[in-house]
Amino acid sequence: MNLLRARVRRPGRLAAEASALLIAVVVAFPLYWMVLSAFKPAGEIESSEPRPWTLAPSLDSFRRVFGQQEFGRYFLNSLVVASCVVIASALIAFLAATAVTRFRFRLRTTLLIMFLVAQMVPVEALTIPLFFLMRDFGQLNTLGSLILPHIAFSLPFAIWMLRGFVKGVPEALEEAAYIDGASRARFLWQILFPLVLPGLVATSVFSFISAWNDFLFAKSFIISDTSQSTLPMALLVFYKPDDPDWGGVMAASTVMTIPVLVFFVLVQRRLVSGLGGAVKD
Amino acid sequence: MLGGLLVYPIYQLGLISFFEYTQAQVSGGEPTTFQGFGNYAELFGDPQFWQVLLATVLFAAACVVSTLAVGCALAVLLTRVRALPRLALMLAALGAWATPAVTGSTVWLFLFDPDFGPVNRMLGLGDHSWTYGRISAFFLVLLEVVWCSFPFVMVTVYAGIRAVPSEVLEAAALDGASQWRIWRSVLAPMLRPILVVVTIQSVIWDFKVFTQIYVMTNGGGIAGQNLVLNVYAYQQAFASSQYSLGSAIGVVMLLILLAVTLVYLRLLRRQGEEL
């Protein structure tokens, strides 16, 4: 009976595996094509017979990208925005998540529901009032105008997700620490912090990606001072709808995508378990 | 801070939407006049608004349904294969997930480029332009959106399926249940909380797609044929300096998503979730 079933199921599983591999190829194809086109010499990109390989890889497109318009500066700007957002939101989220899980206070449930609702607010709808807010504070055309909103918008999700991790730390541990004479601060930073670090990493990925990928704020708030632009805007310098420089666009896209990809692959295990935790919770 | 950067802008958004607020008021120092519901009246009287609203709802619905279908199907597929193909599919999906919306958009545009793209060559379509027609432009954006958002659904649902004890599935199989029956009567009810989460998240994300539409259809397509609410609000505010009209559209979006959120909260409550 068992043997029979194994024989029946084998072709089924092979078919499933073949289709899984095929789908993986299809899903990865756009990224492959992006990197490939970035390395293709100009003549091959503009050929009407595109081939899925190149025999003469060149760095011309990358040279053009880094040569034009202070691309390195945009890269640095993006990096500054993303790291400020990641560090600030991780710290605040950690303290806030601890507060809402470990202490019971009035309005606690209201606060939690507010975090949830805040996640649903379309950031894009708030661009207009934020634009005026930044203008009134003289923050237009500065990196601060990108950093602050991103911190605010990544916090609700970060707190919501971290809550599950803080909850997972047994309260007995906290009591034991106090009995051993640890202060509140000491428990917070030397015991709780390392324990929820995996969760913190997972939430940081989300903050990083939302700040790194941001297009709308960069487009709306950095209007005249291009030295404060970030990568997504720099990318569009190469993309002119009538006559796009595809080699440049693909090279710039590659430069912009690789850091996120590396970051993602490094933390993917924690990310998946973190998501599972957040969903189950 | 959350209050400053979240609550205050919402308040101001509502406020601006009730006033006359255009370039003259922003830089000319002309007094702002109270309009009451004037902006909304103008908005609701504009046939283009209804057309954009309809397009947004249909487009978001199409995106959500395709994303969920692809994500769930692949999650089930992942449970059927051995480690190596699973790793390949996971990595490919993670790559798509991690790709920034701007680069994803440009890459997909290039893939479907009428002159130099490989897709038209493969399909033998000559120099057919995908962004010219309304439907085909929306379809192209849909493909990109599904490509970059199905991994979230796939990974989450896969994690959910793995959490179902295998004894339950074996028992069902022993009782002679078919694959479809197992999915319907055993897996689907157990996965319901996760399915609710991914559905609501997808609705919220796909309803406010901005970057893909903006980049791929060059700001809303020919004569605004590919506008969705988000891009429409942006264009009204920052391109035509109709800040108050843009804000009114923002308020409409906010209200619609708030309704979705309420449904979400009620579903969570019904599952006996303790906050």
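These figures come from a predicted structure and were not determined experimentally.

Participant: Would you explain the overall build of chain A in this entry?
Facilitator: The number of helices and strands found in chain A is 12 helices and 0 strands. Tracing chain A from N to C terminus, the helices and strands come up as α-α-α-α-α-α-α-α-α-α-α-α. When the 281 residues of chain A are sorted by exposure, 50% land in the buried category. Within chain A, residue pairs in contact and separated by at least 24 positions form 73% of the contacts whose partners lie at least 6 positions apart.

Participant: Would you take a moment to explain the packing of helix α5 (residues 83–98) of chain B against helix α8 (residues 134–163) of chain B for this structure?
Facilitator: Between two packed helices, the angle of one axis relative to the other and the distance separating the axes together describe the packing. Residues and elements named next belong to chain B. The N-to-C vectors of α5 and α8 enclose an angle of 135°; their axes lie 7 Å apart at closest approach. Taken together, α5 and α8 sit at an angle that is classed as oblique. Crossing angle aside, the handedness with which α5 passes α8 is left-handed. On the side of α5, the interface is formed by Arg86, Leu89, Met90, Ala93, Ala96 and Trp97, while α8 contributes Trp147, Cys148, Phe150, Pro151, Phe152, Met154, Val155, Tyr158 and Arg162. Its residues assigned to classes, the contact of α5 with α8 comprises 13 nonpolar, no polar and 2 charged.

Participant: Just to check I follow, could you spell out the pattern of salt bridges for this structure?
Facilitator: Between side chains of opposite charge, pairing is possible as soon as their charged atoms come close. Under the criterion given, the structure shown has 1 salt bridge over all chains. Ionic pairing is found between A:Glu17 and B:Arg82, a salt bridge with its closest N-O pair at 2.8 Å. Here the residue A:Glu17 occupies a position in helix α1 (residues 2–39), and B:Arg82 occupies one in the loop between α4 (47–80) and α5, the pair thus bridging two chains. On the accessibility criterion, A:Glu17 (7% relative accessible area) is buried.

Participant: What exactly am I supposed to notice about the interface of chain A and chain B here?
Facilitator: The partner chain B presents 79 residues to the 84 residues of chain A that form the contact. For the pair chain A and chain B, the summed buried surface comes to about 7,300 Å²; carbon and sulfur atoms form 80% of the total. For the pair chain A and chain B, the number of links is 1 salt bridge. Taken together, the connections running from chain A to chain B amount to 4 residue pairs in polar contact (both at pLDDT 80 or more).

Participant: What is the right way to look at the UniProt feature "domain: ABC transmembrane type-1" (unreviewed entry) in chain B in this model?
Facilitator: The UniProt feature table records "domain: ABC transmembrane type-1" (unreviewed entry) at residues 53–264 of chain B. The distance separating the terminal C-alpha atoms of residues 53–264 of chain B is 22 Å; by composition the span is 79% helix and 0% strand.

Definitions and limits used
- The residue numbers shown here count from 1 along each chain, following its written sequence.
- Lettering of chains starts at A and numbering of ligands starts at 1, both following the order in which they are written.
- Per-residue local features are limited, in this predicted model, to residues with pLDDT of at least 70; the limit for side-chain atom pairs, both in listing and counting, is 80 or more; totals at the level of whole chains, interfaces and linings are taken over all residues.
- Side-chain metrics rest on all non-hydrogen atoms present in the structure, leaving aside hydrogens and water.
- The secondary structure listing takes helices from DSSP runs of H or I that are at least 4 residues long and strands from runs of E that are at least 2 residues long, numbered from the N terminus.
- When accessible area is computed with a 1.4 Å probe and restricted to protein chains, residues below 20% of their type maximum are described as buried, those above 50% as exposed, and intermediate ones as partly exposed.
- Contact between two residues is taken to exist if any of their heavy atoms lie within 4.5 Å; hydrogens are not considered.
- All axes here are fitted lines through C-alpha atoms, helices being fitted over the stretch that makes contact, and every angle between N-to-C directions spans 0 to 180 degrees.
- For this classification, under 35 degrees means roughly parallel, over 145 means roughly antiparallel, 65 to 115 means roughly perpendicular, and everything else is oblique.
- Crossings are assigned a handedness: left-handed for a near helix turned anticlockwise from the far helix by less than a right angle, right-handed for a clockwise turn.
- Side-chain classes are defined by residue name, with Ala, Val, Leu, Ile, Met, Phe, Trp, Tyr, Cys and Pro counting as nonpolar, Asp, Glu, Lys and Arg as charged, and the others, Gly among them, as polar.
- Think of a salt bridge as a Lys or Arg side-chain nitrogen and an Asp or Glu carboxyl oxygen that are within 4 Å of each other.
- The quantity reported as buried area is the accessible area (1.4 Å probe) lost by two parts once they are put together, taken as the sum for both.
- Nitrogen and oxygen atoms within 3.5 Å of one another constitute a polar contact, given that in protein one can donate a hydrogen and the other can accept it, and given that sequence-neighbouring residues count only through two side-chain atoms.
- UniProt positions are given in the numbering used here, feature names are shortened, and annotations may be inferred rather than shown by experiment.

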